[in-house]
Amino acid sequence: MGQVLSTEKLLEDLAPLRGQSSIVTTNGCFDILHVGHLRYLQGCKSMGDILVLMLNSDASVRRLKGPQRPIVPQADRAELLAGLGCVDYVVLFDEDTPEPLMEIIRPDFHAKGAQYNEDNLPEIATLRKIGAKVKFVPMVENRSTTSLIDTIKQRLLADDSQAPVCSG
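Calculation notes
Residues numbered from 1 in each chain as written. Predicted model: local features only at pLDDT ≥ 70, side-chain atom pairs only at ≥ 80, totals over all residues. Heavy atoms only, no water. Pairing = 2+ DSSP bridges. Helix = DSSP H or I, 4+ residues; strand = E, 2+ residues; numbered from the N terminus. Contact = heavy atoms within 4.5 Å. Axes fitted to C-alpha atoms, helices over the stretch in contact; angles between N-to-C directions. Buried < 20%, exposed > 50% of the residue type's maximum accessible area, 1.4 Å probe, protein only. Polar contact = N/O pair within 3.5 Å; in protein donor to acceptor, adjacent residues only side chain to side chain. Salt bridge = Lys/Arg side-chain N within 4 Å of Asp/Glu carboxyl O.

### Quick notes on the sheet that holds strand 6 (residues 133-137)
One open sheet accounts for six strands, arranged 1-4-3-2-5-6; its pairing is parallel. Here the strands that pair on one side only, and so sit at the sheet edges, are strand 1 (3-4) and strand 6. Judged from the five bridges that link them, strand 5 (residues 109-113) and strand 6 form a sheet pairing that is parallel. Across the sheet, Ala111 pairs through a bridge with Lys135, a residue of strand 6. The sheet strands contacting helix 2 (residues 35-45) are strand 2 (23-28), strand 3 (50-56), strand 5 and strand 6, and the helix crosses strand 3 at an angle near 135°.

### Some remarks on the environment of Gly113
Along the polypeptide, Gly113 turns up in strand 5. Judged by relative accessible area, Gly113 falls into the buried class, the value being 7%. The spacing of Gly113 and Val137 is 24 residues in sequence and 4.8 Å in space, taken between C-alpha atoms. If we skip the residues at most four places from it in the chain, Gly113 touches Tyr40, Phe136 and Val137.

### Side note on the side chain of Glu123
Of note, Glu123 is situated in the loop between strand 5 and helix 6 (124-130). Classification of Glu123 by relative accessible area gives buried; the value is 2%. Here His110 takes part through its side chain, which lies 3.3 Å from a polar atom of the side chain of Glu123. With residues near it in sequence (within four places) discarded, Glu123 still touches Asn27, Glu99, Met102, His110 and Lys112.

### So, the pattern of salt bridges
Within this structure, the stated rule accounts for eight salt bridges. We note a salt bridge from Glu103 to Lys129, for which the minimum N-O separation is 3.3 Å. Taken as a pair, Glu103 in helix 5 (residues 99-105) and Lys129 in helix 6 lie far apart in primary sequence, 26 residues in all. For Glu103, a relative accessible area of 34% puts it in the partly exposed group. Using a relative accessible area of 59% as the deciding quantity, one classes Lys129 as exposed.

Don't take any of this as a statement about function, it's just geometry.
Structure representation (structure tokens):
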């Protein structure tokens, strides 16, 4: 089982592993967990020995996704993700991108979903600067948080349109 750690404690844990194990990082909001997340993280883990998940804090998610998000608070998201067998460490960050954290962790590899490429990856300059290789994990069809939220909204709207009208 993985651990949710502060940046300082994570660096202490990683120090003796450097050079002996390959360190993979990935990042994201992971707001409403679903099987697409699990498969993505399993793909990330397959790229190396140690998987560090850099998780957007609640404040970061609100800035990126809007005031209605996150749905699940950061402590719950972090604990759930650390409980997945493929995640070794979870560390939170408050910035919009994990670039400052990447510079400190200095992974061997950074994994992202296949919806990205080196031309549209916001952190590519940082990854090149620290010498980390970028690897892309194939998308899991029809398994995204956005599509899940859209489905819920559509169903709620359909339910509202079929609700009985009260006469007073």
